Amino acid sequence: MSRQEIVSWARSCYEDVRFEKPRAWLADHPERRAVGHLPVYAPKEIVWACGMLPVGIYGGGDQVEIIRGDAYYQSYICHLPRSVIELALSGRLDFLSGVLFPSTCDVIRNLSGMWQLLYEKIYVRYLDLPQIADPDLATRFWERELKTLADDLSEISGIRASDDRLRAAITTYNEVRSTMRALYRARGEAPWRVPTEEVYLLLRAAEVTPPDEFLAQARAYLAAVEEDTSRPKDRCRVIVVGSFCEQPPLGLIKTIERAGCYIVGDDFLLGSRLNQQDIPVDGDPLHQLAASLVRGAARTSVLYDPDPEGKPRLMPQQVRESQADGVIFAAPSFCDPALLDRPMLRAGAEKAGIPCIAFQYSENTGQFQQYRDQAGTFSDSIKLWGGA
Amino acid sequence: MSTHPTGPIQITSPPKNRGEVPKDDSMVLQKNMIAEHFRQLEEAPQTRTPVVYTFVPGNLTELVRSFGALPVLPEINALQSGMRGKSRDYIAEAERAGHSEDVCTYVKCDIGQALAGNIGPTGTKLPKPDLLLLSYTGCYTFMKWFELLREHYGCPTVFLQVPYQGDGRLAPEHRAYLMEQIRTEVIPALENVTGRKYDEDRLRHYLSLSRQAEDDLVAVLETAKRKPSPIDAYFGAVYYVGPIFSAFRGTEDGVRYYHELRREVEERARAGRGPITPDGPLDEQRYRLVVEGPPNWTNFREFWGMFTAEQAVVVASTYTKVGGVYEFGFRHDPEDPLGTMADYCGGCYTNLNLPSRVDMLAHYVKEYEADGFLINSIKSCNSFSAGQLLMLREVEKRTGLPGAFVESDLVDPRYFSAANIKNRLESYLQMIDARRQGVGA
Ligand code: SF4
Ligand code: SF4
């Protein structure tokens, strides 16, 4: 398959707001089930081990017109939940047997209650991620939550999440994550060959397709990239921070890169990469899943940081690791986690002399001129002066 | 969340003689308690009294006090700043320092206050915290708020994760998790900063005092079932819950205050009188309402006045449950200190899921024989506001009554539109009239 074909496949997954891919997977075997999850993190391994397809629900982006969703949300609440409600009310999510709501923020938390009120027959689970400093206690808590989830989902699917099935699912998702890391590595090494738009589309595809399908496509893509002989352009390298939940429109990602900033680090779709290392497949699988999240989760706004130095150091560390020149703080409007964290992260970056800019977007933003101007000026200033 | 109300006592007193503002004994008592508390706080650095900052929902005041420490509740500082007309400047200060326009204004008000010298509600300087006790009870913003304060003060922080009642109950494993955290994280942190050992007998004693005050508070709130209601269960009750939601749960002062308050309210009830509002007594009551959501503090008196002008009294509110829900039977239990603290935290209103909040509102409408209900949606509070439009419809469905929806903010005066709210309230009350007359019912 050519690189172009792979990217078209990924784009078709991204544009598929009727969720035809998971529907087709379900149609293959009538006894199959699918479970949706909101951003940021859900333990997909457990869903998969119960024989169900985990489906990421990231709203309608700029493709879904909001007709009913606005009647459910005041104007001062971010855009994501209204487009999620729009998807649901228009029947686009009617293939799901359950929906998981992680403790990303109070909007998603309260959306879990709305689902309970609106869809009494659908399984709804709020996932209270472990937050405390003591890793042993946090692991015990999370393991117990995972056990409840596994038991509940096993009942719905009729397939018990046995240890063997869980280990197989962990192995599968270890491969998914390691392939995603390879994509990010390839982009970091040669962003002129691996545009963020393409990496992003592949990651979005992973949210709605079975893991083996994603793996085949992503591996083929990586192989195709090897053949690419494009030359670097005179652009700066940036990391984009704050876009872990409501996703920026694809046009915005392209705009940043075209305006002169190679994106070499980001937190788009962070949930699928929150576990940064492989999860061990020996021992008790639920324990390993829990312990890996507690000990190995990426630092993010949705988790408490027990280390007082954690926030101020985070940007310098990420900039160093990605060999970036600056940080773009790009957060959805009205997004508590991203916007409350921003002053702490930005202060840490600026103290270390790292150039930064900040803006807000909405998943359905359609005009990119202001972003183009801002990113262009940012890139020019970095290239000219090495900083703002 | 939000809040808690230890507002300026004098505004609830009726001006009987011109220039003279008589006060009920409970009001005087509360005012003195607050003044004394802030005096102690001001002197804390000299008296070497440890100071613990924590939040209203899930506050472990008895435990904090059992270590000889004094609690400070930043939400209260913020709301007081709103009432004293200071919040606009504090918010501007925080926004200049890089805080977004779109986030909780309590946080910005508090940060602005800290940046401007940390002068508390009574005009005295507030001490720095020796410990931030981050009781994570039903509001995501709490986590960021104390991460921000931790940066500002550079003091130790202990995190208490209160699992959300996603399934409408505090699961046994969640209760156990809470107890274990209190035992292995919170108590050692308090021991560290205070230099004192955990004293369970002292804690039990304080918990028994809490229980007495809680009995009296419930009795006070339930008087609103009477007609006329002797209290306003929203605007008036934010003062009543002040002591118990903050520094005075588990204290002798708290017990005295609630005892006195109950005596006064029951006396008013016996006499068939209504509550005392800033605009005088509200004995004639045309509308009985239930309210969901925090009040606006910058225009509190004006907001209340809109209700009083229409002879509308609030008979129950959810906001007055953010620091603890007592009316369905929960009381602090000295026989089970850690378990009772876990139950308390888990049960605060902010920690309840949407279906439970809908149940509670529908219950209030029925039990308190309300004519309708109103949601005050707060612009910068996702914890309360996200989902309220669906709650409105659900409560309407359950009760068969239409609801009203108004919007404002806690402490950002830019978002209080008096004309808008007044119009909506008036049209809503007219609709209630029309229904009474059988028009458009
Ligand atoms: S965009 Fe931000 S506020 Fe909105 S649902 Fe996501 S995390 Fe919550
Ligand atoms: S977001 Fe709401 S509940 Fe949370 S601190 Fe702010 S006002 Fe209180």
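Residues numbered from 1 in each chain as written. Chains lettered and ligands numbered in written order. Predicted model: local features only at pLDDT ≥ 70, side-chain atom pairs only at ≥ 80, totals over all residues. Heavy atoms only, no water.

- The name recorded for chain A in an unreviewed UniProt entry is Benzoyl-CoA reductase subunit C, from Eiseniibacteriota bacterium.
- Looking at chain A in UniProt, the text filed under Sequence similarities (unreviewed entry) is "Belongs to the FldB/FldC dehydratase alpha/beta subunit family." (UniProt positions renumbered as here; feature names shortened; annotations may be inferred.)

1. Details of the pattern of salt bridges
All names here are of chain B.
- Under the definition given, this model contains 58 salt bridges over all chains.
- One salt bridge in this structure joins Arg96 and Glu93, with 3.5 Å as the shortest N-O distance. Of this pair, Arg96 and Glu93 both sit in helix H4 (residues 87–96), 3 residues apart, which is roughly one turn of the helix.
- The exposure class assigned to Arg96 is exposed, which follows from its relative accessible area of 63%.
- Judged by relative accessible area, Glu93 falls into the partly exposed class, the value being 28%.
- Between Asp412 and Arg414 there is a salt bridge, with the nearest N and O atoms lying 2.7 Å from each other. (Salt bridge = Lys/Arg side-chain N within 4 Å of Asp/Glu carboxyl O. Helix = DSSP H or I, 4+ residues; strand = E, 2+ residues; numbered from the N terminus. Buried < 20%, exposed > 50% of the residue type's maximum accessible area, 1.4 Å probe, protein only.)

2. Some points on the packing of helix H14 (residues 354–367) of chain B against helix H16 (residues 388–399) of chain B
Residues and elements named next belong to chain B.
- Between H14 and H16, the shortest axis-to-axis distance is 9 Å and the interhelical angle comes to 45 degrees. One way to sum up the angle between H14 and H16 is to call them oblique. Viewed along their axes, H14 and H16 form a crossing whose handedness is right-handed. On H16, the residues touching Leu354, Arg357, Val358, Asp359, Leu361, Ala362 and Val365 of H14 are Gln388, Met391, Glu394, Val395, Arg398 and Thr399. (Axes fitted to C-alpha atoms, helices over the stretch in contact; angles between N-to-C directions. Parallel < 35°, antiparallel > 145°, perpendicular 65-115°, else oblique. Left-handed = near helix turned anticlockwise from the far one by under 90°. Contact = heavy atoms within 4.5 Å.)

3. A word on the sheet that holds strand E9 (residues 372–378) of chain B
Residues and elements named next belong to chain B.
- The 4 strands lie next to each other as E8-E7-E9-E10, forming an open sheet whose pairing is parallel. Two strands close off the open sheet at either side, each with one partner strand: strand E8 (312–317) and strand E10 (403–408). Recorded for the sheet is a direction-independent mean angle of 35 degrees between the axes of neighbouring strands.
- Pairing of E9 with E10, which is carried by 6 bridges, proceeds in the parallel orientation. Bridging from a neighbouring strand, Ser377 pairs with Glu407 of E10. (Pairing = 2+ DSSP bridges.)

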